[in-house]
Amino acid sequence: MILSLSEWSLSERPAIEVFEDLGYEYREGGEISPAGESSERGSFSDVVLRDRLRRKLVEFNSHIPEDVIDTAVSELLGYGSPKLIKNNREFHENLVEGIDVVYERGGEEIGDKVKVIDFEDPGNNDFLVTNQFSIKIGDNPRRIPDILVFVNGLPIAILENKDPTSTTTSIKKAYEQVTEKYKNDIPDLFNYNEFIVVLDENNARIGCLEADWEWFQPWKYIEEEGDKRPEYSEAETLIRGVFSKNRLIDLIENFIVFNEKEGRLNKVLSAYHQYYAVKKAVETTKNTVPNNDRNKIGLVWHTQGSGKSYTMVFYTKKTRNTRELGNPTFVFVTDRTSLDDQLHRTFTNVGYRTEWAQNITDLREKLDRQYGGLIFTTIQKFQTKKERYHETSEEKFPTVNRNSNVIVIADEAHRSQFKKLGRNLRRALPNASFLGFTATPIEKEDRSCLTTFGEYISQYTIDQSEEDGSTVPIYYESRLAKLKLRNDRIEKKSKELLEAGSEDLKNEMVQKWTRLRKIIENNDERLKTIAQDIVNHFNGRPIEGKGIILAISRKSAVKYKKYIEEIDEAPEVDVVITDPGEYLDEYKDENDLKTRFKDPEDPLKLIVVHDKWTTGFDCPPLHTMYIDRPMKNHNLLQAVGRVNRTYKDKSGGLIVDYIGIADNLKKALDKYTKNIQETAMEDLDRAIKIMHQKHNKTKNFLKETDFKNWQEKEGLELQRLFNKAQNEILETEQKTENFMNTVAELNKVFSLVSPNKEAIKIESDVVFFRALKKSLNNILTPKREKTYEQIDSVMKELVSEGVTVEDIIEVTGLAKWENEQAVLSKEFMQDVEEIEFENLQLRMLERLLRNEINSRKKQNLAKYESFEKKLEETISKYNKKVMSTQEVIKELQNYANEIQQEETRTKELDLTGDELAFYDAINSNTEKNIEQEKLTEIATKIKNRLKDKTDIDWTSRDEIKAKMKSEVKKILRTEGFTHKEYEPLVNPIVEQAELLYGET
C-alpha cells in the first residue's frame, strides 16, 4: 500500500512500469552496482555495462575475431577530448556507422566494421532500464540519476524525474540538475548520451547534449502523426513515443545530426513533428519512386521557425538508409538565392557532401547521372538558354535525366512550381518524384499546389508550434498615428500596390512600385522622423536582442543607416543590400555582418535591409522588425516570421509598421482557416491587456504591503518595506511559488510591450516585483554561481531612473546575505534574529542551515545527514501546518546552535575532525553500548589505518574497497564486535573514508 505521494510513486515508478510494458528488462541500480547481488560494474565510475556490450558485439559480429572486437570496444569507449560534445559526436558516428577494424584471415588483411547496434532487427538489441544508478568520478561528488536507459550496455538516455506534488521543484530544475550538476560531476556518462528527458507525472520534455532549455520540447504522438492518447499522461506519451524499441533505434540511426558552423558544434535531435512527417514521407516515397505513374510524394506544411530545413535533412538521411529506395538522386529547388544558400549550408554543416549548381550549364551537367548525389539549385536555372542568354537555337528546355530514382524537394513549393520554370523542371526530369515543403499555409481556394505535389503528408501549424514552444507569438504595432506619418500620396500609392493582384509587387508592378519608392526615399524628413522613432523604440525595450529594418529600396536603406548613426544614443547599425558599392564608398562583408548580427553579445544591434534576410535567415535574438515597405500575402508572412524564433526569455516577436500593412495582413489571413487567422499574428493591444492582467495578479500577492511609492523611500524605511513584502510572500510555499511564476510571466509580457506608454505606467511596480523575486531566490536557493546565459536578459537591463534590481537588494541589506558563505557565526545569527518578520526569518534560517549542512556533510556524513533529516522533518511539519512559524523558528535556532557546538566536540573528546567523523559513523549506526573512551580509541584506530591508504584509487579498483571493508571488520572484531554488531557499521565507515580520502 502506498502511504505517500512522492517523486518515486508518481513519476519514477510509473515511468519504469511503462518501460517494462515496452519490453525492457528492469534492474534496480543497487543490484548491478559494484557491491550488488548481480554486479555488472567494476567500480562506481563505470557508466558502461561492458559485459553486456561485449556480449552483443560478439553476437552481431560473429565473423570477426574476439580479440579484434575487444579492441573495437576499447575504441568505442575511449574518448580523450576535453569537450564532451566532440566525444559525443565521435561516439554517435561509431554507434551508427560501426567501428573500423582491420584483421588477418588466411594471410590476407581484411578491412571491416564492427556493428554496435542491429538497425535491421531492432528487437535483437539488449534493452535495459535502471534507476538510482550511483556514479562517482574522481574527486567529484557522487551523483545518482533517477533513470538510465541502456542499449547493448551503453547508457544512451537519462531521465530525471521531479515530484509533481512539490511546489519547489519543476522539470526546468530537473534540466538544470542534469545539464549543470550531472554534466560537470559525471561527465563520462554524457560521452555516450543520445537523449536527455526531464519529467514528472504530468509534464515531459526531451532534448540532447548542449541544447538550451528552449530546445527541450514535448513529444505528443505515439505511432503516427495525430496519434494522441488522452488516457496517457504527457510523460507516458513521451516514453511510449520515443522509447518503443523500433522507434528508439530509428531515432538513433536517422534523426540525430551534428551541426558545425562558425566554430561551434551542436547536436540536433528531431522534434516529434519532424519525426512523424519524415516517417510518413518515406513510406509515401517507397510507394512513389519506383512507379513512373505516381510522381507525387506529397506536401509538408511546417510553419516558419519549426525546423523545416532539418526536416529535409532527416528525410534525406532516412531515405538513403532505406534499402528499397537504393541510392536516389536528390534535387533541392528553391526560388531565391538566399534560401538556396541557407538550405545548402544546413546540409554541408551537418556533414553531407553536396553539389551546388553554379549556372544553367553546370546544373544540366550535375543532373545527368545514373544515381546518387545531393544537388542544390534555384528554379531560375531551369530557364532555357534562349530565355537566359538569348540563344535562338533552344526553344524548349531539354530532357536531362529520365531515371525514376530522382527525388525533387521543392522549398516554398507554393510560389514557383506551377509556372513556366516549373514546367521546365518537369521536362528536364520527366520521371522524377516531387516532395513539396512550405512554411506558409496554402490558400483554401488554391488546389494547384496539392495537384502538383499530392495531398498533405504532415501539417504543423502556427498554433501547434507556439503551444510546443518551437516558436513564439508575433505581435503587431502600428506607429503611423503616433508619428503623424499620414501622407496622402504615400497612402494612395501603397494602397494601389497592396490591392493589386500580384504577389511580387516589386517586379510585376514596376511603375507603381517605382513611383512609391521615389516618394519615400526622397522624403528625408519622414525618414529622419522614423529613424529617431526606431532608436527610441528599440532602446526602450527592456529585453536583449536585435532589430531589423525593412526599407523600400537600397537608397532608403542606406539613408536609414546614415540618419540612425547621426543620433547620439543610437545602437550600432549597419546595412545589407545588393551591390552596396553602388551606394557606399565603404561597406562590410555581408557574411561578416551576418555572423556579428546573430551573436547576441555583439554590439551590432540594428540592421537595415531592402530585400535581403527576409527569407531563409534565422537569428533567434531578433525580436523586432520595423517595416517601411509594402508587403503582402506569402512574402509578408515569410518576412515577419523572422522574429518568431525562440530565444531565452523572449516572449514574442514584434512587428512595427510605418507603411500601413495592417489591412493587407488581415486580407491575407482571410484566405486561410479561422484557426490560422487567430494565431498568425496578434495585435499589441492584446499583449497590453495580458500585461495589465498579470500586473493586477502580482499586486494581489501584496495586499498587506503598500509599496506604491517605494522609490521615495531609502535606507531603513525601504528595508522595512521590502522585508514586509518578503514576509507576506513567504506565508506558504505555494504562495511563494505562485508569486515567482506570476512575476516571470509579467516580466515576459512587460518586456514585449515596452516601450509602449502602458508599460511605462507600471514600470516602477515591475522593478519592485523583480527585486522581490530575485531576493526570494537568494533566500530560498542555496548559493551557487550562475552563468551569464542563465540570467534573464531583462534582469541585466537598467530600469527606471537608473535604479536596478541589484540596487534595491543592496539598499535593503540583502546583499550581505547573498554573498555570505555558509558560516553560522554569532554575528550572522544576530542579524537573522533581528529580522522583524517571522516568515522571512524562518526561510532565511532554513537556507543558512541547508548551506551549512551541505558544506559540512563531507567531513562528517553521519552527523550532518542526521541534521539534514531533522531539518526536512521540521520543514515538512511546518508546510503541513503541524507546527507554527514561531515553533519552527525556535527549532531551527536550536539546530543552528547544535551545529555551532559541533566545533567544540573535537576538543571535548580530544579527537581530530576525521576521528570524530568515524566516531559518529559508529555511534549513529550501532545499538551496542560502547564507552566513550573505547569509542574514541576505535575511531582513532580506523582513521590511522584507512588514512594510510590515501594513495589507493577508490574509483577504479573496487577490489581494494573490499580489502578496506575487511580491514574495518578486522579492527571491529579485535575490539570485541560480533558479526551481527559490526555488519551495519562497515558500509558507513567505508563511505565516510571514501569522502575523506578516496573520493571514489
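If you're wondering where the values come from, they're calculated on a predicted model, not measured in any experiment.

A.B. asks: Honestly, the overall build of the protein chain in this entry has me stumped. Any pointers?
C.D. replies: Summing up its helical and strand segments, the protein chain has 41 helices and 24 strands in all. Relative to its full complement of 1000 residues, the protein chain shows a buried share of 55%. Surface summary for the protein chain: the accessible area is close to 43800 Å², and the carbon and sulfur share equals 43%.

A.B. asks: Teacher, can you tell me more about the packing of aromatic side chains here?
C.D. replies: Note on aromatic pairs: each is described by the distance of the centres and the angle between the planes. According to the stated counting rule, one finds 37 aromatic pairs in the structure shown. Taking 5.3 Å as the distance between ring centres and 80 degrees as the angle between the ring planes, the aromatic pair formed by phenylalanine 91 and tyrosine 192 counts as edge-to-face. Here phenylalanine 91, found in helix H4 (residues 84-97), pairs with tyrosine 192, found in the loop between helix H6 (188-191) and strand E7 (195-199); they are 101 residues apart in sequence, far enough to count as distant. Under the relative-accessibility criterion, phenylalanine 91 is labelled buried at 0%. A residue is classified by how much of its surface remains accessible, and tyrosine 192, at 6% relative accessible area, is buried. Taking 5.4 Å as the distance between ring centres and 65 degrees as the angle between the ring planes, the aromatic pair formed by phenylalanine 707 and phenylalanine 769 counts as edge-to-face.

A.B. asks: It is not clear to me how the pattern of salt bridges should be interpreted in this structure. Could you clarify?
C.D. replies: A pair can form between side chains of opposite charge whenever their charged atoms are brought close. Per the counting criterion, the structure on display carries 53 salt bridges. The salt bridge involving arginine 27 is made with glutamate 25; its shortest N-O contact spans 3.1 Å. The closest approach of N and O atoms between glutamate 590 and lysine 612, which form a salt bridge, is 3.2 Å. Of this pair, glutamate 590 sits in helix H23 (residues 590-598) while lysine 612 sits in the loop between strand E21 (604-609) and strand E22 (622-628), placing them 22 residues apart in sequence. Glutamate 590 gets classed as partly exposed once you look at its relative accessible area, which sits at 26%. One network of salt bridges, with partners in common, ties together Glu25, Arg27, Glu31, Glu40, Arg52 and Asp126.

A.B. asks: Looking at this structure, how should I read the nonpolar core?
C.D. replies: Nonpolar side chains tend to gather and get buried jointly when the protein is soluble and globular. The biggest cluster of nonpolar side chains holds 113 residues, and the ones touching the most others in it are Leu154, Leu159, Phe195, Phe243 and Tyr315. Excluding its chain neighbours within four sequence positions, the residues that come into contact with leucine 159 are Phe19, Asp146, Ile147, Val149, Val197, Leu199, Ile239 and Phe243. Residues Ile534, Phe538, Val608 and Trp613 belong to the second largest nonpolar core, which totals 84 residues.

A.B. asks: Even after reading the chapter, I still don't get the sheet that holds strand E13 (residues 355-356), so can you show me in this structure?
C.D. replies: Taking strand neighbours across the sheet as the criterion, the 7 strands line up as E13-E14-E12-E15-E16-E11-E17 in an open arrangement whose pairing is parallel. Each end of this open sheet is capped by a strand with a single partner; those strands are E13 and strand E17 (456-460). Inspection of the sheet shows strand E11 (residues 296-302) paired to strand E16 (residues 433-438) by 5 bridges, in the parallel sense. Following the sheet pairing, lysine 296 is matched in E16 by phenylalanine 434. Helix H10 (residues 308-320) contacts E11, strand E12 (329-334), strand E14 (374-378), strand E15 (406-411) and E16 of the sheet and is inclined by roughly 170 degrees relative to E15. Helix-sheet contacts for helix H12 (residues 360-367) involve E12, E13 and E14, and the interaxial angle to E14 is about 155 degrees.

A.B. asks: Would you take a moment to explain the layout of surface pockets for this structure?
C.D. replies: Over the atoms a probe the size of a water molecule is rolled, and this reveals where empty space is left. For the second largest pocket, the calculated volume is near 1100 Å³. Together, 37 residues line the second largest pocket, and Glu253, Asn254, Lys317, Lys318 and Asn321 are the ones closest to its centre. Listed by contribution, the elements that provide at least two residues to the lining of the second largest pocket are H4, helix H8 (245-254), strand E9 (256-261), helix H9 (272-288), H10 and helix H11 (337-349). A per-element tally of the lining of the second largest pocket places H8 first, with 6 residues. For the lining of the second largest pocket, the residue count by class is 11 nonpolar, 9 polar and 17 charged. Inspection of the lining of the second largest pocket shows a minimum of three residues originating in each of domain 1 (7-241) and domain 2 (270-468).

A.B. asks: I would appreciate a short explanation of the side chain of serine 651 in the present structure.
C.D. replies: Within the secondary structure layout, serine 651 lies in the loop between helix H24 (633-640) and strand E23 (653-657). Judged by its relative accessible area of 18%, serine 651 falls in the buried class. A polar contact is formed between the side chain of serine 651 and the backbone oxygen of lysine 748, at a distance of 2.8 Å. Here serine 651 is in contact with Val472, Pro473, Lys748, Val749, Ser751 and Leu752, once residues within four sequence places are set aside.

A.B. asks: So what exactly am I meant to see when it comes to the packing of helix H38 (residues 913-923) against helix H39 (residues 932-947) here?
C.D. replies: To describe two helices that pack against each other, one gives the angle between their axes and the distance between the axes. Interhelical geometry of H38 versus H39 gives an angle of 120 degrees and a closest axis separation of 8 Å. Between H38 and H39, the angle is such that the two are oblique. Viewed along their axes, H38 and H39 form a crossing whose handedness is right-handed. Judged by residue contacts, Asp914, Glu915, Phe918, Tyr919, Ile922 and Asn923 of H38 engage Gln932, Leu935, Thr936, Ile938, Ala939, Thr940, Ile942, Lys943, Leu946 and Lys947 from H39. Tallied by class, residues from the contact of H38 with H39 come to 8 nonpolar, 4 polar and 4 charged.

A.B. asks: Would you take a moment to explain the sheet that holds strand E8 (residues 204-207) for this structure?
C.D. replies: Backbone hydrogen bonds hold the strands of a sheet together, and the pairing may be parallel or antiparallel. Taking strand neighbours across the sheet as the criterion, the 6 strands line up as E1-E4-E5-E6-E7-E8 in an open arrangement whose pairing is mixed. The open sheet has two free edges, formed respectively by strand E1 (25-28) and E8, since each of these has just one partner strand. Across the sheet, the mean angle from the axis of one strand to that of its neighbour is 20 degrees, orientation sign disregarded. Sheet strands touched by helix H7 (residues 234-243): strand E5 (147-151), strand E6 (154-161), E7 and E8. Its angle to E8, the strand with the most contacts, is close to 35 degrees.

A.B. asks: Help me understand the pairing of E12, please; the structure alone is not making it clear to me.
C.D. replies: Side chains on a regular strand alternate between the two faces of the sheet. Most of E12 is tucked away: 6 of the 6 residues are buried. Residues Thr329, Val331 and Val333 of E12 are buried on one face, and the alternating residues Phe330, Phe332 and Thr334, pointing to the opposite face, are buried as well. Pairing between E12 and E15: 5 bridges, direction parallel. Looking across to E15, one finds that threonine 329 is bridged to valine 406. Inspection of the sheet shows E12 paired to E14 by 5 bridges, in the parallel sense.

A.B. asks: I would appreciate a short explanation of a negative patch on the surface in the present structure.
C.D. replies: Together, Glu75, Glu90, Glu93 and Glu97 give the surface a local cluster of negative charge. The biggest single contributor to the negative patch is H4, with 3 residues. Under the relative-accessibility criterion, glutamate 97 is labelled exposed at 53%.

A.B. asks: Teacher, can you tell me more about the side chain of threonine 319 here?
C.D. replies: Considering the arrangement of structural elements, one finds threonine 319 in helix H10. The exposure class assigned to threonine 319 is buried, which follows from its relative accessible area of 0%. Leaving out residues up to four positions away in the same chain, threonine 319 has contacts with Val282, Leu325, Pro328, Phe330 and Ile407.

A.B. asks: What is the right way to look at the pairing of E5 in this model?
C.D. replies: In terms of burial, E5 is a largely internal element, 5 of the 5 residues being buried. Burial along E5 is two-sided: Ile147, Val149 and Val151 facing one way and Leu148 and Phe150 facing the other are all buried. Note that strand E4 (residues 127-131) and E5 share 5 bridges and pair antiparallel. By the bridge assignment for E5, valine 129 is matched with valine 149. Pairing analysis gives 5 bridges linking E5 to E6, with the strands arranged antiparallel. Looking at E6, one finds that leucine 148 is bridged to isoleucine 158.

Criteria and thresholds
- Residues numbered from 1 in each chain as written.
- Predicted model: local features only at pLDDT ≥ 70, side-chain atom pairs only at ≥ 80, totals over all residues.
- Heavy atoms only, no water.
- Helix = DSSP H or I, 4+ residues; strand = E, 2+ residues; numbered from the N terminus.
- Buried < 20%, exposed > 50% of the residue type's maximum accessible area, 1.4 Å probe, protein only.
- Areas by Shrake-Rupley, 256 points an atom, 1.4 Å probe, with all protein chains shown as cover.
- Phe/Tyr/Trp six-rings, centres within 6.5 Å; stacked < 30°, edge-to-face > 60°.
- Salt bridge = Lys/Arg side-chain N within 4 Å of Asp/Glu carboxyl O.
- Core = buried A, V, L, I, M, F, W, Y, C linked by side-chain atoms within 4.5 Å.
- Contact = heavy atoms within 4.5 Å.
- Pairing = 2+ DSSP bridges.
- Axes fitted to C-alpha atoms, helices over the stretch in contact; angles between N-to-C directions.
- 1 Å grid on protein atoms, 1.4 Å probe; cavity = no way out; pocket = protein on both sides within 12 Å on 5 of 7 lines; lining within 4 Å.
- Points joined across faces, edges and corners; volume = space filled by probe spheres on them.
- Nonpolar A, V, L, I, M, F, W, Y, C, P; charged D, E, K, R; others polar.
- Domains from an automatic or database assignment.
- Polar contact = N/O pair within 3.5 Å; in protein donor to acceptor, adjacent residues only side chain to side chain.
- Parallel < 35°, antiparallel > 145°, perpendicular 65-115°, else oblique.
- Left-handed = near helix turned anticlockwise from the far one by under 90°.
- Patch = residues over 30% accessible without salt bridge, like charges linked within 9 Å, V, L, I, M, F, W, Y side chains within 5 Å.
- Lys, Arg positive; Asp, Glu negative; His and termini not counted.
- Charge placed at Lys NZ, Arg CZ, Asp CG, Glu CD.

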